[in-house]
Amino acid sequence: MEQVPILKIGQTLFVSIQIDLQDDSVVRLQEDLAEELAATSASGVIIDITAVEIVDSFIGRMLSTIASISRLFDAETVIVGMRPAVAITLTELGLSLSGVRTALNAEKGLAILNGKT
Amino acid sequence: MDVGVTGGRMADYLREHHDKVLDRWTELVVAGIRGRTSAQEVKGELGDLYSLIVRVLAEADDHAVGELRASLYELSRTRARGGYTPSETALSVFTLKDAVYELVADTADLVPEYLTFSRMIDDLGLRTFEAYSEAREQIIADQATAMMELSTPVVRLWDGIIAVPLVGTLDSARTQLVMEKLLDTLVTTGADHAVIDITGVPTVDTEVAQHLLKTVSAARLLGADCIISGIRPQVAQTIVSLGIEFGDIATKASLADALGLALRQAGLKVVPVVTGPVVTGPVVMGGA
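Residues numbered from 1 in each chain as written. Chains lettered and ligands numbered in written order. Predicted model: local features only at pLDDT ≥ 70, side-chain atom pairs only at ≥ 80, totals over all residues.

Asker: Whenever I open this one, the environment of E149 of chain B confuses me. Can you help?
Answerer: Residues and elements named next belong to chain B. Note that E149 resides in helix α6 (residues 111-150). Assessed through the 10 C-beta atoms surrounding it within 10 Å, E149 is described here as exposed. Between the C-alpha atom of E149 and that of R174, which follows or precedes it by 25 residues, the distance is 9.6 Å. (Helix = DSSP H or I, 4+ residues; strand = E, 2+ residues; numbered from the N terminus. Buried ≥ 20, exposed ≤ 12 C-beta atoms within 10 Å, placed from the backbone.)

Next comes the structure, spelled out in structure tokens:
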């Protein structure tokens, strides 16, 4: 099982997914992120999915779940760098990721988080 | 094409009366198409067909049948593109029967030959019809592709603001194309505001609305805000009476209003130039 690294930059946790997401690695990421949020009390999470080419309904739902978990720690989640094909797939699956902020790239995602505080 | 043993005599007969039959045939065809093609041109086309028909009748070689079909196909295609009706095209072939009949009417011993010949011409006539409709189908398919390509431009209105002026009826295939193009442009230009202008969409029903909502939510997943503009009064009434909910998607009456909103969201505003008494100068943008 591959592990997704979580980097802390200032008050933000930065997660860049560079692997083909498997169900178990997403669950692992969810657990790791919860631990990290509890330990660092970060105020924002950026999930970069530029390298993700394939998503299914499970992964789509997991992204929403991660956002909900982060909100419990008072951290806002921004998903950045979604590919058009992935966006179309999620829409066709009926997953609009409500409650999750999105941005075109990591820079804009950071701007959203900084604007908030 | 099976022309049997009677073909040979007919071929000799046609070869013998080549000029007479061809002239009469050309005359009949030219009368049928009412001067849209010159007699000389028609004679050239028919001359080729004529010699191929003679070759097929004489069973001189195996290639003749294929060549005849190919040149008939070509003739029908040109006619289809030239705007001739299918009956006019088929008549070009059928009139050969009249031309020959006028000659053989007095010659009683050629009757079985003529009947075989007649069947063959009928078959050829049907083929022109088939080729004609094939060519028409092709034209329609080409036009549909051309329309699809023409109808989905994505334009840049400002730094970070793009617009998609939609023209024509939206169906699933077009929405898919529009969605892909819009999302690709959002990614490549880094724009975070998109205006979907539906001034050119004649009707909005539940299906079209569904397509629009899908496009907007896909754009949102990329992190871009969408504004729908150009809703005409009748369209607004239809939308309300159908009970379509656009939810929290911003809608504006005109593209100008939508651009204004997008500029505000991007933290920009348009101000008149204040230097000097002239007020008709260009308008500049200032950051907020």
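So that's the structure; there's more coming.
Asker: Got a minute to help me understand the interface of chain B and chain A in this structure?
Answerer: Accessible area lost on assembly of the parts is the figure often given for the size of an interface. Across the contact, 16 residues belong to chain B and 13 residues belong to chain A. At the level of elements, α7 (172-189) and α8 (206-222) of chain B are the ones that each hand at least two residues to the side of chain B that touches chain A. A per-class count over the side of chain B that touches chain A returns eight nonpolar, three polar and five charged. (Contact = placed C-beta atoms within 7 Å. Nonpolar A, V, L, I, M, F, W, Y, C, P; charged D, E, K, R; others polar.)

Asker: Whenever I open this one, the pairing of strand β2 (residues 161-167) of chain B confuses me. Can you help?
Answerer: Residue and element names in this part refer to chain B. Most of β2 is tucked away, with five of its seven residues classed as buried. Examined bridge by bridge, strand β1 (residues 155-158) and β2 share three bridges and lie antiparallel to one another. In the sheet register, V155 faces β2, and the bridge partner there is A163. Counting the residues that bridge the hairpin from β1 to β2 gives two residues, and of these G160 lies at a positive phi of roughly 80 degrees. In terms of strand pairing, β2 meets strand β3 (residues 193-200) through six bridges, oriented parallel. For P165, the partnering residue across the bridge sits in β3 and is D197. Each parallel crossover has a hand, and for β2 linked through α7 to β3 it is right-handed. (Pairing = 2+ DSSP bridges. Right-handed = clockwise from strand over helix to strand, strands pointing away.)

Asker: Would you mind showing me how to read the sheet that holds β2 of chain B here?
Answerer: Where strands meet in a sheet, backbone hydrogen bonds hold them as pairs that are either parallel or antiparallel. Residue and element names in this part refer to chain B. Read across the sheet, five strands follow the order β1-β2-β3-β4-β5 without closing on themselves; strand pairing throughout is mixed. Each of the sheet's edge strands pairs with one partner strand only, and the pair in question is β1 and β5 (250-252). Within the sheet, the average angular offset between the axes of one strand and its neighbour, ignoring direction, is 30 degrees. Across five bridges, β3 lies against strand β4 (residues 225-229) in parallel orientation. Looking at the pairing, V195 lines up with I227 of β4. Contacts from α7 reach β1, β2 and β3 within the one sheet, and its direction differs from that of β2 by about 165 degrees. (Axes fitted to C-alpha atoms, helices over the stretch in contact; angles between N-to-C directions.)

Asker: For this particular structure, what's the right way to read α8 of chain B?
Answerer: Residue pairs three or four apart in sequence face the same way in an α-helix, which turns once every 3.6 residues. For α8 of chain B, with 17 residues, the first-to-last C-alpha span of 25 Å sits near the 24 Å given by 1.5 Å per residue. When we look at burial in α8 of chain B, the residues that qualify are V208, H211, L212, T215, V216, S217, A218, A219, R220, L221 and L222 of chain B. For α8 of chain B, the secondary structure elements touched by its buried residues are α3 (84-92) and β5 (101-103) of chain A together with α7, β3 and β4 of chain B. Positive backbone phi, approximately 100 degrees, marks G223 of chain B, located one or two places after α8 of chain B. (Expected span 1.5 Å × (residues − 1).)

Asker: Looking at this structure, how should I read the packing of α7 of chain B against α8 of chain B?
Answerer: In helix packing, the relevant descriptors are the interaxial angle and the interaxial distance, both defined with respect to the helix axes. Residue and element names in this part refer to chain B. Axis separation between α7 and α8 bottoms out at 10 Å; the angle between their running directions is 20 degrees. With respect to α8, the axis of α7 lies roughly parallel. In this structure, α7 meets α8 at a crossing whose hand is right-handed. In this structure, α7 uses T175, V178, M179, L182, L183, L186 and V187 to contact α8, whose residues at the interface are H211, K214, T215, A218, A219 and L222. Counted by class, the contact of α7 with α8 contains nine nonpolar, three polar and one charged residues. (Parallel < 35°, antiparallel > 145°, perpendicular 65-115°, else oblique. Left-handed = near helix turned anticlockwise from the far one by under 90°.)

Asker: Just to check I follow, could you spell out unusual backbone geometry for this structure?
Answerer: Among all residues except glycine, the phi angle is most often negative; among peptide bonds, the trans geometry is most common. Residues and elements named next belong to chain A. Although it is not a glycine, S41 sits at a positive phi angle of roughly 45 degrees. Mapping S41 onto the fold places it in the loop between α1 (23-40) and β3 (44-48). Looking at S41, the number of C-beta atoms within 10 Å reads 10, which means it is exposed. A positive phi is found at D74, a non-glycine position, where the angle reads about 60 degrees. Overall, D74 belongs to the exposed group, with 11 C-beta atoms counted inside 10 Å.

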